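Chain by chain, the residues:
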2 protein chains.
Amino acid sequence: MPEKKWDRPDGVAAPTSERLSLVLRGLRALEAQGVHTVSSFQLAERFGLNPAQIRKDLAQFGEFGVRGVGYRVPALKAKLKELMGLERTRAVVIVGAGNLGQALADSRNFNVDGFKVAALYDIDGRKIGGKSRTGVPILDLATLPDASGTLKADIGVIAVPAEAALEAARILAGSGVPAILNFAPISVPAADGVFVRNVDLTFFLENLSFQLAVRRR
Amino acid sequence: MPEKKWDRPDGVAAPTSERLSLVLRGLRALEAQGVHTVSSFQLAERFGLNPAQIRKDLAQFGEFGVRGVGYRVPALKAKLKELMGLERTRAVVIVGAGNLGQALADSRNFNVDGFKVAALYDIDGRKIGGKSRTGVPILDLATLPDASGTLKADIGVIAVPAEAALEAARILAGSGVPAILNFAPISVPAADGVFVRNVDLTFFLENLSFQLAVRRR
DNA sequence: TGCTGTGAAACCGTTCACAGCT
DNA sequence: AGCTGTGAACGGTTTCACAGCA
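Here's a quick rundown of the structure. The model shown is predicted, which means the values in this text are computed figures rather than measured ones. (Residues numbered from 1 in each chain as written. Chains lettered and ligands numbered in written order. Predicted model: local features only at pLDDT ≥ 70, side-chain atom pairs only at ≥ 80, totals over all residues. Heavy atoms only, no water.)

1. What about the relation of the copies chain A and chain B?
- Of the transformation superimposing chain A on chain B, the axial component is 0.0 Å and the angular component is 180°, with the fit at an RMSD of 0.1 Å. What the superposition gives is, in effect, a two-fold axis relating one chain to the other.
- A share of 98% of the interface residues of chain A reappears at the interface of chain B, consistent with the copies meeting face to face through the same patch. (Least-squares fit on C-alpha atoms with pLDDT ≥ 70 in both. Contact = heavy atoms within 4.5 Å.)

Following this line, the structure appears as structure tokens:
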């Protein structure tokens, strides 16, 4: 059993991805301010990172900077968006129209540049046919596989109870959704070539409790 | 600039904490099944981890196992709960009674063994005085500092828009809340001796998009 | 001069392999 | 024999330091 690198079948290291997300945010802000050029030092300072690290992160993908000058803000921003697959809008579908699913669908965190929440899916007949507060339609989960031809979701979010999570993952993978973000408190395996990111909210609470308990000594 | 280890002022490494959370879950399940003894191999297999890693994680805190036998399930479970500060129930307060805050307050992920969501705080007069679906009271954010004497919250969750996040953090830290879980898309700094964990939901989407973009080549 | 791109060093977490206890 | 606890090897990421180009 070669154990396929388990959870995050990384093509890109998670910390790198996180830093480049920050850098992209910084570039958006700088562009809005009309700044043309930025150095790795300025970017690093803004987020408390190491400048060399930012340069290394970028260098993995090409040579984007100008020696002695820094990076051209609009050019780097465009290149980064392309790199991160954000040059076009990614369609997101959420399985589970409970409190969490609907909150995510309407959340500003999920309705940002580059992403569009296309639909919520549920099995509860009372919810199906409705809409979330911001107007995301709630559809019958049974129709997800059919819709996959027309809808072409890029990311499937799992926001159902633990018992239903594996089935949700199976349906998403079976419908050709290539990436899954799972909020249920069980690890869903990365079938086929599907990227899975498990986000267990309970872990965050337990981690903080742990830190508090360890500190007191 | 010594740069105070930035985001996670770790006393415990994040991966260790995550694995021990898993182990604790495993122990709960095993105890429910009446299993008395478990080896690091059995625990590791259950979660796709390395047995030595689990032993090392535990060994940091003492010698809990019995050579040739394994670990006693009830004893290890008790010891782990104590270690992780879960021997008593931790009070959680959530700042921001919007969709996300209320969803978290009512979520099964937040209402687990060891945690109790005591209150939601908001500044919207129309929400104050109300309750979430499961009955968590929505209180006036201005009264949080006063309540800190009686309430003694262990963990403060920030579920407000980005613009309000720093102020929310300031109020929590000022009220003596020793740990913060921040869901707003800006990094809140770890003031004083306050533990901060930033969870940026946008990063998860961007990371998946990144993985998809990199794979296609 | 100034800042990028990058080899080399340092650091940290993971995995291996085995000594030691039951 | 079986399994823990742990030193040693390994691998990946971060940081340093500097060569090279504008």
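2. Digging into helix H2 (residues 40-47) of chain A
Residue and element names in this part refer to chain A.
- Those residues of H2 that fall on the buried side of the exposure criterion are Ser-40, Leu-43, Ala-44 and Phe-47. All buried residues of H2 fall inside an arc of 100° around its axis, so they share one side. Those residues of H2 that are exposed and aimed more than 90 degrees away from the buried face are Phe-41 and Glu-45.
- Packing partners of the buried residues in H2 comprise helix H1 (14-32), strand E1 (37-38), helix H3 (51-59) and strand E2 (71-72). (Buried < 20%, exposed > 50% of the residue type's maximum accessible area, 1.4 Å probe, protein only. Helix = DSSP H or I, 4+ residues; strand = E, 2+ residues; numbered from the N terminus. Arc of directions from axis to C-beta.)

3. Some remarks on the sheet that holds strand E3 (residues 90-95) of chain B
- With parallel pairing, the six strands of this open sheet are ordered in space as E5-E4-E3-E6-E7-E8 (chain B). Among the strands making up the open sheet, the edge pair consists of strand E5 (138-140) and strand E8 (195-198) of chain B. On average, each strand axis in the sheet is inclined to that of its neighbour by 25°, with strand direction left out of account.
- Against the sheet, helix H8 (residues 201-215) of chain A makes contact with E3, strand E4 (115-122), strand E6 (155-158), strand E7 (179-182) and E8 of chain B, and its axis sits at roughly 160° relative to E8 of chain B, the strand it touches most.
- Against the sheet, helix H5 (residues 99-106) of chain B makes contact with E3, E4, E5 and E6 of chain B, and its axis sits at roughly 160° relative to E4 of chain B, the strand it touches most. (Pairing = 2+ DSSP bridges. Axes fitted to C-alpha atoms, helices over the stretch in contact; angles between N-to-C directions.)

4. A look at the packing of aromatic side chains
- This structure, assessed with the given rule, holds two aromatic pairs over all chains.
- Consider the rings of Phe-61 of chain A and Phe-210 of chain B, whose centres lie 5.7 Å apart with planes at 40°: the pair is tilted. In this pair, Phe-61 of chain A sits in the loop between H3 and E2 while Phe-210 of chain B sits in helix H8 (residues 201-215), so the two residues belong to two different chains.
- Residue Phe-61 of chain A is classed as partly exposed on the basis of its relative accessible area, which comes to 22%. (Phe/Tyr/Trp six-rings, centres within 6.5 Å; stacked < 30°, edge-to-face > 60°.)

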